[in-house]
Amino acid sequence: MTRRVIARGYGGPEVLTVVEVDPVPPARGEVAIEVRAIGVNPIDYKRYSGAFGTNPDSLPMGLGAEAAGVIVEVGGDATGPDGPLSPGDEVIAYPVDGAYADRLVVGADSVVRKPPSLPWNEAAGLLVAGTTAVETLDVIQVGSGDLVLVHGAAGAVGSCVVQVACGRGATVIGTARPGHHDYVRSLGATPVSYGDGLADRVRVLAPDGVDAVIDTVGGEEAVDVSVASVRDPSRMVTTLAVPRAVDAGFLGVGGKNPASREVRRRLRSVVVDLADRGDLRVRVARTYWLAEAGRAHTELAGPHPAGKFVLLP
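Remember, it's a predicted structure, so these values are computed and weren't measured experimentally.

Calculation criteria
- Residues numbered from 1 in each chain as written.
- Predicted model: local features only at pLDDT ≥ 70, side-chain atom pairs only at ≥ 80, totals over all residues.
- Heavy atoms only, no water.
- Pairing = 2+ DSSP bridges.
- Helix = DSSP H or I, 4+ residues; strand = E, 2+ residues; numbered from the N terminus.
- Contact = heavy atoms within 4.5 Å.
- Axes fitted to C-alpha atoms, helices over the stretch in contact; angles between N-to-C directions.
- Buried < 20%, exposed > 50% of the residue type's maximum accessible area, 1.4 Å probe, protein only.
- Polar contact = N/O pair within 3.5 Å; in protein donor to acceptor, adjacent residues only side chain to side chain.
- Core = buried A, V, L, I, M, F, W, Y, C linked by side-chain atoms within 4.5 Å.
- 1 Å grid on protein atoms, 1.4 Å probe; cavity = no way out; pocket = protein on both sides within 12 Å on 5 of 7 lines; lining within 4 Å.
- Points joined across faces, edges and corners; volume = space filled by probe spheres on them.
- Nonpolar A, V, L, I, M, F, W, Y, C, P; charged D, E, K, R; others polar.

Student: I'd like a rundown of the sheet that holds strand 11 (residues 147-151), residues and numbers included.
Tutor: Taken in spatial order, the 6 strands make up an open sheet running 13-12-11-14-15-16, and their pairing is parallel. The open sheet terminates on both sides in strands that have one partner only, identified here as strand 13 (190-193) and strand 16 (251-252). The pairing of strand 14 (residues 212-215) with strand 15 (residues 236-238) spans 3 bridges and is classified as parallel. For valine 213, the partnering residue across the bridge sits in strand 15 and is methionine 236. Those strands touched by helix 6 (residues 198-205) are strand 11, strand 12 (171-176) and strand 13, and its axis lies near 155 degrees from that of strand 13.

In structure tokens:
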């Protein structure tokens with residue numbers, strides 16, 4: 001039997017349950033993966049919270065978009081972005097629907113090879129945050145010599161943004177809670193604390209303003225400070241396109257934008273290469289068993305250690 005986490009209804013973590021289903025063989029163009037680790041993302045609990053609607057036809061709802069594991073069975077003509085796939089291949093699956101499971105059957109086009117250098121837990125948490133980070137940097141063309149303000153620099157996406165931006169030769173100022181400042185420094189950025197006076201603290205570090213802004217927080221403070229700090233308003237991008245940010249002129253990535261989804265598919269190999277070279281690391285903050293998905297969501301939604309949460313099957 002295969003174990004999966006599903007949401008039986010809309011609400012809080014209490015709607016989650018682990019079910020057992022008969023395993024299905026992969027069809028043509030598909031592979032079956034024995035899952036070793038699963039990435040946890042805020043979108044996972046937002047989906048069953050009702051934040052995006054409460055369509056009963058979407059229930060029961062599988063959760064999770066990224067996982068890492070070993071191919072155990074291959075359907076005919078199973079060729080992924082890296083070439084033909086075979087049993088025994090170590091892979092990362094993204095994007096997928098229903099990654100919270102101990103076995104997945106997915107289309108070969110959703111599978112990229114996992115470098116041997118990358119531990120399972122890091123691999124499982126790499127692609128959602130990593131592709132989002134690279135997309136934000138590409139959209140506003142961050143490169144060598146840029147001074148960049150990153151809101152949420154200790155978060156899963158923000159920490160990837162900092163690493164890749166620094167790797168491109170940019171200088172980064174990153175907002176974070178004081179307890180995360182050492183971590184932000186270790187990534188290569190200069191940390192500043194959230195809260196009253198943030199604009200003044202940024203101005204001390206960037207008296208002539210910043211060249212670009214990447215917002216992974218979405219709050220009013222991030223919007224106001226960004227507008228006050230950036231020299232070129234066309235170089236502001238957010239991963240949370242709240243109305244206030246849109247009205248302020250932020251470019252938006254992610255969400256339900258089909259163009260953004262396609263960009264992230266193309267960026268998977270770029271992100272895996274960065275991780276394989278050691279230029280992008282995923283910090284795993286906590287791990288949970290599959291049956292603890294509800295607890296993981298509760299803790300991810302509140303103050304938590306910097307880094308990625310991962311489920312183990």
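Student: Lay out the side chain of lysine 114 with the relevant residues and their values.
Tutor: The topology assignment puts lysine 114 in the loop between strand 10 (111-113) and helix 2 (120-124). For lysine 114, a relative accessible area of 9% puts it in the buried group. Within the local environment of lysine 114, its side chain forms a polar contact with the backbone oxygen of leucine 118, the two atoms lying 2.7 Å apart. Apart from the residues within four sequence positions on either side, lysine 114 is in contact with Glu90, Val91, Ile92, Trp120 and Ala123.

Student: Break down the nonpolar core for me, with residues and values.
Tutor: Core analysis: the biggest nonpolar cluster contains 49 residues, and Ile92, Leu126, Leu127 and Val142 have the highest contact counts within it. Not counting residues within four places of it along the chain, the set of residues in contact with isoleucine 92 comprises Ala67, Ala68, Ser110, Val111, Val112, Lys114, Leu118, Ala123, Leu126, Leu127 and Val272. With 34 residues, the next largest nonpolar core counts Leu16, Ile38, Tyr45 and Ala99 among its residues.

Student: Describe helix 7 (residues 220-229), with residues and values.
Tutor: When helix 7 is considered as a whole, its buried residues turn out to be Ala222, Val223, Val225, Ser226 and Ser229. Structurally, helix 7 contributes buried residues whose contacts are with strand 11, helix 6, strand 14, strand 15 and helix 8 (243-247).

Student: Account for empty space enclosed by the protein, with residues named and values stated.
Tutor: One pass over the full model with this rule turns up 1 cavity of 30 Å³ or more. Here the largest cavity defines a volume of roughly 60 Å³. Taken together, Ala129, Ala156, Ser159, Cys160, Tyr183, Arg281, Val282, Arg283, Gly307 and Lys308 make up the full set of residues lining the largest cavity. It is helix 4 (residues 156-167) that provides the largest number of residues to the lining of the largest cavity, a total of 3 residues. Here the residues of the lining of the largest cavity are counted per class, giving 5 nonpolar, 2 polar and 3 charged.

Student: Which residues make up the sheet that holds strand 1 (residues 2-7), and what values do they have?
Tutor: With respect to topology, 3 strands assemble into an open sheet ordered 2-1-4, the strand pairing being antiparallel. Of all strands in the sheet, those bounded by a partner on one side alone are strand 2 (16-21) and strand 4 (61-62). In terms of strand pairing, strand 1 meets strand 2 through 6 bridges, oriented antiparallel. When the sheet's bridge partners are listed, arginine 4 is paired in strand 2 with valine 19.

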